[in-house]
Structure formats: structure tokens, C-alpha cells
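# Inside the fold
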Amino acid sequence: MAPTPSDPDYAARILALEAEVEQLKEAVTAHAVVDQAIGVTVALGRVSPDEGWAVLKEVSQHTNIKLRNIAEQILTWGRLGELPPGIRAELEDALDRRGHTRIPETSPE
């Protein structure tokens, strides 16, 4: 039975549901960012989508940076050609392990 406004737990239930909705919105956004970053890795790194996912996970683990943050950096790299040196090195290493030797150069600074 659904809670009613006269139920003493009604307000708490509404707050819990609102928090859950916000978490779901954040998860959907994070998923979209990661999916786009996989696409950039696939296109620029010449790997399969499964390998692109594995590359992002490896870079995240080796740099101790959250996967979503790595994905955001990869998207910036795809748009602007800018990638922090540490992430770039880990990305190149992860791609090298899959037989790829070089990622495209970044834009001059």
C-alpha cells in the first residue's frame, strides 16, 4: 500500500525518493559521458568498443582517477586535443598493450 500524506513516514519517503531520482539522473549522465569517451577511444585509438572500455578502466586504475573523470578528460582530448601528460602516458600504455603504437598528437600549447 502506498503511503498517504497523513502517514508519519510520508515526508521521509518523499525525500528518499527525491534523493534516489537525483542519483539515477547522475548515473545516466555519467553513463553517457563514459559511452562517449569509449567512442572517442575507439575512433582515435583504433580499438573495439570492448577494448575502449577496458582501456578507460585501466587508465582510471593506473592513475587513481575516477572513471567518469577520465572519460571527461578523454572527451576534452577529442574536442580540443588536450590531455594531461599523466593520463596521456597511461592511455598510450593501455593502447600499446592492445597493439596500437601511438595516439594522435595534442594541439600545441
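Residues numbered from 1 in each chain as written. Predicted model: local features only at pLDDT ≥ 70, side-chain atom pairs only at ≥ 80, totals over all residues. Heavy atoms only, no water.

Counting residues in each nonpolar core, the largest one holds 19 residues, and the members touching the most others are Leu-56, Val-59, Ile-74 and Leu-91. Taken together, the elements giving at least two residues each to this core come down to α1 (10-45), α2 (49-63), α3 (67-80) and α4 (85-96). Setting aside chain neighbours within four positions, we find Leu-56 in contact with Val-34, Ala-37, Ile-38, Thr-41, Leu-67, Ile-70 and Ile-74. (Core = buried A, V, L, I, M, F, W, Y, C linked by side-chain atoms within 4.5 Å. Buried < 20%, exposed > 50% of the residue type's maximum accessible area, 1.4 Å probe, protein only. Helix = DSSP H or I, 4+ residues; strand = E, 2+ residues; numbered from the N terminus. Contact = heavy atoms within 4.5 Å.)

Let us look at α1. With 36 residues, α1 ought to run about 52 Å at 1.5 Å a step, and its terminal C-alpha atoms sit 51 Å apart, in line with that. Here α1 has its buried residues at Ala-30, Val-33, Val-34, Ala-37, Ile-38, Val-40, Thr-41 and Gly-45. With its phi angle positive at about 55°, Arg-46 sits one or two positions after the end of α1. (Expected span 1.5 Å × (residues − 1).)

On to the packing of α2 against α4. At a minimum axis separation of 9 Å, α2 and α4 run at an interaxial angle of 135°. What the angle tells us is that α2 and α4 run oblique. Seen along the crossing, α2 lies across α4 with a hand that is right-handed. Seen from α2, the contacting residues are Val-55, Glu-58, Val-59, His-62 and Thr-63; seen from α4, they are Gly-86, Ile-87, Glu-90, Leu-91, Ala-94 and Leu-95. Across the contact of α2 with α4, the residue classes break down as 6 nonpolar, 3 polar and 2 charged. (Axes fitted to C-alpha atoms, helices over the stretch in contact; angles between N-to-C directions. Parallel < 35°, antiparallel > 145°, perpendicular 65-115°, else oblique. Left-handed = near helix turned anticlockwise from the far one by under 90°. Nonpolar A, V, L, I, M, F, W, Y, C, P; charged D, E, K, R; others polar.)

Below, the discussion takes up the packing of α2 against α3. Contact geometry of α2 with α3 gives a least axis separation of 9 Å together with a crossing angle of 115°. Put simply, α2 runs roughly perpendicular to α3. Between α2 and α3 the crossing geometry is right-handed. Only Leu-67, Ile-70 and Ile-74 of α3 make contact with α2, whose side of the interface consists of Trp-53, Leu-56, Lys-57, Val-59, Ser-60 and Thr-63. Split by residue class, the contact of α2 with α3 holds 6 nonpolar, 2 polar and 1 charged.

Limitation: the analysis is restricted to geometry and does not speak to function.
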